[in-house]
Amino acid sequence: MGENDPGLWIGLSLLAAILAIAWLVGALRQRSRRGRSYDYPATYRLRSRLRRMARPTLLLFPAKSPGFSKLGGLPELPADTAWPEFEGRPPAFVAQLDLAAFAAHAGMPWLPHEGRLYFFFDEARNGALDCCVAIYSLEPPGPPVAFPAPLAASQRFAELRVGFMRFTSLPSWDWLGEDEPGPEIDWEGFDLLADADLGDEIEHRVGGYPSEIQGGQMGVHCEYLWRGLAWDPDGPVPDDIRRAGRQWRLLLQIDSDPALGMNWWDGGRIYVFVRARDARRGDFRKTVTITQTH
């Protein structure tokens, strides 16, 4: 290829144009940033706090290679485990999860690395501490268990086998106890934000922070519910309750999902929490469930 080759000069011209555009974009960005008045001490404090509090979360999505984990359908309960009842009434089956299958996807040391979880939700008892029951078992799963005859058709959900996709989860401003920051905070280059915001997508997931519909600090709310106390989200929180609230972890978030026939009131969500120390030893009898809707 000679120096008079037209293709060479065209290529060099294109490269020069690309470099010029890149320089121009960078210059405009720097000029835009210089025109702003950032509060850098506040920016550093917020960034540092969010980095410290970031947690992994696993989004449940349609599995390419179906396994045990799924939403809806019929539960594959161990031979010695019966469909639970609330006051003689069967709750709806909402999910089953293989803990070993997603342990490799995210570091959640508060969860056992083996065993299976089954979740049942009683819509009639919404608002009760234990309106959702989680059953943990180390026994092998059995064949699908048929729907109990008394279970309403609206509570018999379609099945979706799920896989797991890891994201970074950040607490909301309510959870942090902070007012939402204004334009004085410089977020450019803060890479955690890219994974944290899942937008308006349907969010069935495990771990991390909840995607609140109505806001609030759910860890504190869980502790109030656990103690049988009335919770005022706008009132002061005693230090002992605030400290205890840090132990609660999001075990499962189930969204409204038209494809599965799940609609929690007006497009709401179910949030099941467990204390880290209980989950580590395989005790899922002490969960707290919060529901929110639009």
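Residues numbered from 1 in each chain as written. Predicted model: local features only at pLDDT ≥ 70, side-chain atom pairs only at ≥ 80, totals over all residues. Heavy atoms only, no water.

(A) Region of the structure containing the overall build of the protein chain. Helices and strands together make up the secondary structure of the protein chain, namely 8 helices and 10 strands. The contacts in the protein chain between residues at least 6 apart in sequence include a share of 72% that link residues at least 24 apart. Carbon and sulfur atoms form 54% of the exposed surface of the protein chain, whose accessible area is close to 15,600 Å². (Helix = DSSP H or I, 4+ residues; strand = E, 2+ residues; numbered from the N terminus. Contact = heavy atoms within 4.5 Å. Areas by Shrake-Rupley, 256 points an atom, 1.4 Å probe, with all protein chains shown as cover.)

(B) Up close: the pattern of salt bridges. Applying the stated criterion across every chain yields a total of 17 salt bridges. Arg161 is paired through a salt bridge with Glu159; the nearest N and O atoms lie 3.2 Å apart. A cluster of three or more residues bridged by salt bridges with shared partners is formed by Lys70, Glu76, Glu159 and Arg161. (Salt bridge = Lys/Arg side-chain N within 4 Å of Asp/Glu carboxyl O.)

(C) Layout of the pairing of strand S10 (residues 288–292). Within S10, 4 of the 5 residues are buried, leaving the element largely enclosed by the surrounding structure. Here 5 bridges tie strand S9 (residues 269–275) to S10, and the two strands are oriented antiparallel to one another. Among the inter-strand pairings, Arg269 is bridged to a residue of S10, identified as Gln292. (Buried < 20%, exposed > 50% of the residue type's maximum accessible area, 1.4 Å probe, protein only. Pairing = 2+ DSSP bridges.)

(D) The packing of aromatic side chains, seen in detail. Within the structure shown, the criterion is met by 14 aromatic pairs. Between the aromatic rings of Trp187 and Phe190, the centroid separation amounts to 5.6 Å while the plane-to-plane angle is 50°, which identifies the pairing as tilted. Among the aromatic side chains, those forming a connected cluster through ring pairs are Trp83, Phe93, Phe120 and Phe147. Sitting over the face of the ring of Phe68, Arg116 holds its NZ or CZ atom 5.5 Å from the ring centroid. (Phe/Tyr/Trp six-rings, centres within 6.5 Å; stacked < 30°, edge-to-face > 60°. Lys NZ or Arg CZ within 6 Å of the ring centre and 35° of its normal.)

(E) Here's a closer look at the nonpolar core. Grouped together as the largest cluster of nonpolar side chains are 35 residues, with contacts concentrated most on Leu111, Phe119, Leu251 and Leu252. The leading source of residues in this core is strand S3 (residues 92–98), at 4 residues. Among the nonpolar cores identified, the runner-up in size contains 10 residues, and Trp175, Tyr209, Trp248 and Val288 belong to it. (Core = buried A, V, L, I, M, F, W, Y, C linked by side-chain atoms within 4.5 Å.)

(F) Quick look at the side chain of Ser211. With respect to the helices and strands, the residue Ser211 is situated in the loop between strand S7 (205–206) and helix H6 (218–226). The buried category is assigned to Ser211, whose relative accessible area is 15%. Sequence-distant contacts of Ser211, that is, excluding residues within four places in its chain, are made with Glu203, Arg205, Gln253, Arg269 and Tyr271.

(G) Structural detail: the pairing of strand S4 (residues 116–121). Burial analysis of S4 places 6 of its 6 residues in the buried class, which makes it a mostly covered element. Side chains Arg116, Tyr118 and Phe120 project from S4 onto one buried face, and the interleaved Leu117, Phe119 and Phe121 project onto a second face that is buried too. Of the pairings in the sheet, the one linking S3 to S4 comprises 6 bridges and is antiparallel in character. Following the sheet pairing, Phe93 is matched in S4 by Phe120. As defined by bridge partners, S4 adjoins strand S5 (residues 132–137) across 6 bridges and the pair is classed as antiparallel.

(H) Structural detail: the side chain of Gln96. Following the sequence through the fold, Gln96 ends up in strand S3. Judged by its relative accessible area of 0%, Gln96 is buried. There is a polar contact of 3.0 Å between the side chain of Gln96 and the backbone nitrogen of Glu76. In contact with Gln96, not counting residues within four places along its chain, are Phe68, Ser69, Lys70, Leu74, Pro75, Glu76, Leu117, Tyr118 and Arg161. (Polar contact = N/O pair within 3.5 Å; in protein donor to acceptor, adjacent residues only side chain to side chain.)

(I) A look at the environment of Thr289. The residue Thr289 is located in strand S10 in this model. Between the C-alpha atom of Thr289 and that of Gly127, which follows or precedes it by 162 residues, the distance is 7.8 Å. The contact partners of Thr289, leaving out residues within four places of it in the chain, are Phe121, Ala128, Leu129, Cys131, Cys132, Leu225, Ile270, Tyr271 and Val272.

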